[in-house]
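Overview (structure and organization)
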Amino acid sequence: MTERTIYLDYAATTPVDPEVLNAMLPFLGDRFGNPSSVHRMGQEARRAVDQSRDTIAAAINADSSEIFFTSGGTEADNAALFGVLRAGVARGRTHLVTTAIEHHAVLDAAMRLARTVPFTVSLLPVDQEGFVSPEAARAAINERTALVSVMHANNEIGTIQDIRSLAEMAHAFGAYFHTDAVQTFGQMPIDVEGLGIDLMTLSAHKIYGPKGIGALYARQGVDWHPFHLGGQQEREKRAGTENVPGIVGFGKATELMRGWRDREAQRLGELRDRFVRDVTEGIPGSRLNGPTTRRLPNNANFSFTRTDGETLLLALDMAGIAASSGSACASGSIEPSHVLAALGLEESMVRSAVRFSLGRQTVADDLAITADVLKRILRGR
Ligand code: PLP
């Protein structure tokens, strides 16, 4: 019998909920119509896509016509940045403001724009807990700014930004405001109207939905150029035959989420707080990275003196515990985190960081075992 893995990497991805899978299966089987076809089978697929669109729109207080399905969070981030900046050229709006701690889907798109005439990019610094300084944001935004893009919550350290006030600053200069809400969608309510969000990125696989499907919310009237050209799908904003099973799964996962999100946030927050106390008080040389308030309830990120994250992750894996270095791990090699570097951490503390992210199957025992294993591994330093 194989032992159960203690999975503490829900910020990387979540398992597909069985109800989501059941909702998807018919669309991988008999109900295979193309939503663009006029016949009954096509129209059946079209209705399923539109129903998911309605569910997702309702969950964020948007209109259905403002939801554009994409292949995931990465594509939605790319579409927002390139789409708005390209459209901005005609109005002399060629400046992007974003932050040093964005996900690479935003950061690398921003770096590409920075190397492309006529665009310019300002990268906002963050404080030691990962919060964007309002003064720095105010100083960076100007009348040439097309877009301000600040992630709702950081995927490595869980810092939740004050989106409403950043959106207000963008609007004061006539710029649009985009937020990557991939990590918050399953953790807290999001009201795009109330927060003043013009564009927002969502991804299904962080909320017990399938991988490879996400959405860009773009408020009506926002001027953005499509990234994909071809067919007329997604109101000519995203060409390509829709991923119908994925979209159906995303809709179902969103519908289910509304039943569990707030309860889970409470439960995981309490478990996480106990785990943080256990680790920081029980392991000399450990520190919690990121904020103590305004933090995603399921996130804990630690650094440890005299070790490195990769060794620690492998030792944890040997003990049946799945955690993460927090940042993307490209072809098995772990890059030092740009997020932790932006907090001003010493290089050795950046290199020793490990992220634990909690989810549906996490129970108190898992975290007690994990804390004990960490203590055992680190005692030998
Ligand atoms: N943005 C954030 C904050 C994320 O955490 C992720 C995934 O890790 C993405 C974007 C990318 O989303 P996807 O995996 O759907 O492309």
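Let me begin by describing the structure that accompanies this report.

The rules behind each value
- Residues numbered from 1 in each chain as written.
- Predicted model: local features only at pLDDT ≥ 70, side-chain atom pairs only at ≥ 80, totals over all residues.
- Heavy atoms only, no water.
- Helix = DSSP H or I, 4+ residues; strand = E, 2+ residues; numbered from the N terminus.
- Buried < 20%, exposed > 50% of the residue type's maximum accessible area, 1.4 Å probe, protein only.
- Contact = heavy atoms within 4.5 Å.
- Areas by Shrake-Rupley, 256 points an atom, 1.4 Å probe, with all protein chains shown as cover.
- Lys, Arg positive; Asp, Glu negative; His and termini not counted.
- Charge placed at Lys NZ, Arg CZ, Asp CG, Glu CD.
- 1 Å grid on protein atoms, 1.4 Å probe; cavity = no way out; pocket = protein on both sides within 12 Å on 5 of 7 lines; lining within 4 Å.
- Points joined across faces, edges and corners; volume = space filled by probe spheres on them.
- Nonpolar A, V, L, I, M, F, W, Y, C, P; charged D, E, K, R; others polar.
- Pairing = 2+ DSSP bridges.
- Axes fitted to C-alpha atoms, helices over the stretch in contact; angles between N-to-C directions.
- Salt bridge = Lys/Arg side-chain N within 4 Å of Asp/Glu carboxyl O.

**Description of the overall build of the protein**
When helices and strands are counted, the protein shows 13 helices and 14 strands. For the protein, the residues scored as buried account for 56% of the 381 residues in total. Contacts in the protein between residues at least 24 apart in sequence constitute 74% of all its contacts with a sequence separation of at least 6. Carbon and sulfur atoms provide 52% of the accessible area of the protein, an area that totals close to 16,400 Å². Taking the 39 positively charged and 45 negatively charged side chains of the protein as two groups, their mean positions are separated by 1 Å.

**Quick look at the environment of isoleucine 67**
Mapped onto the secondary structure, isoleucine 67 falls in strand S2 (residues 67-70). Judged by relative accessible area, which is 0%, isoleucine 67 ranks as buried. Sequence spacing of isoleucine 67 and asparagine 298 is 231 residues, and the spatial spacing of their C-alpha atoms is 27 Å. With sequence-adjacent residues up to four places away left out, isoleucine 67 is seen in contact with Arg53, Ile56, Ala57, Ile60, Ala215, Leu216, Tyr217, Glu234 and Arg235.

**A few points about empty space enclosed by the protein**
Tallied over the entire structure, the rule returns 3 cavities of 30 Å³ or more. Roughly 160 Å³ of volume is contained in the largest cavity. What lines the largest cavity is a set of 19 residues, and nearest its centre among them are Gly186, Gln187, Lys206, Trp260 and Asn298. Grouping the amino acids of the lining of the largest cavity by side-chain chemistry returns 10 nonpolar, 6 polar and 3 charged. Approximately 50 Å³ is the volume attributed to the second largest cavity. Of all the secondary structure elements, the ones that give two or more residues to the lining of the second largest cavity are S2 and helix H3 (73-88). Partitioning the lining of the second largest cavity into residue classes produces 6 nonpolar, 2 polar and 3 charged.

**Some words on the sheet that holds strand S9 (residues 286-288)**
The sheet built from 3 strands is open, its strands ordered S9-S10-S14 with antiparallel pairing. Of all the strands in the sheet, the pair left with one neighbour each is S9 and strand S14 (354-357). Strand-to-strand twist in this sheet, taken as the mean axis angle between neighbours without regard to direction, amounts to 25 degrees. The sheet contact formed by strand S10 (residues 299-304) and S14 spans 4 bridges and is antiparallel. Residue pairing across strands places asparagine 299 opposite serine 357, the latter belonging to S14. On the sheet, helix H10 (residues 309-318) packs against S10 and S14 and is oriented at approximately 40 degrees with respect to S14.

**Observations concerning the pattern of salt bridges**
Any two side chains of opposite charge can pair, on the condition that their charged atoms come close. Applying the stated criterion across every chain, the model contains 17 salt bridges. One salt bridge connects arginine 360 with aspartate 17, and the closest N-O pair in it is separated by 2.7 Å. Separated by 343 residues along the polypeptide, arginine 360 in the loop between S14 and helix H13 (364-379) and aspartate 17 in the loop between strand S1 (6-7) and helix H1 (18-28) bring together distant segments of the chain. Look at arginine 360 and you get partly exposed, because its relative accessible area is 31%. Overall, aspartate 17 belongs to the buried group, its relative accessible area being 11%. With its nearest N and O atoms 3.0 Å apart, the salt bridge here joins aspartate 273 to arginine 272. Shared partners join several salt bridges into a network, and the residues in it are Arg46, Asp50, Arg53, Glu234 and Glu242.

Keep in mind that these numbers describe shape and distance, not what the molecule does.
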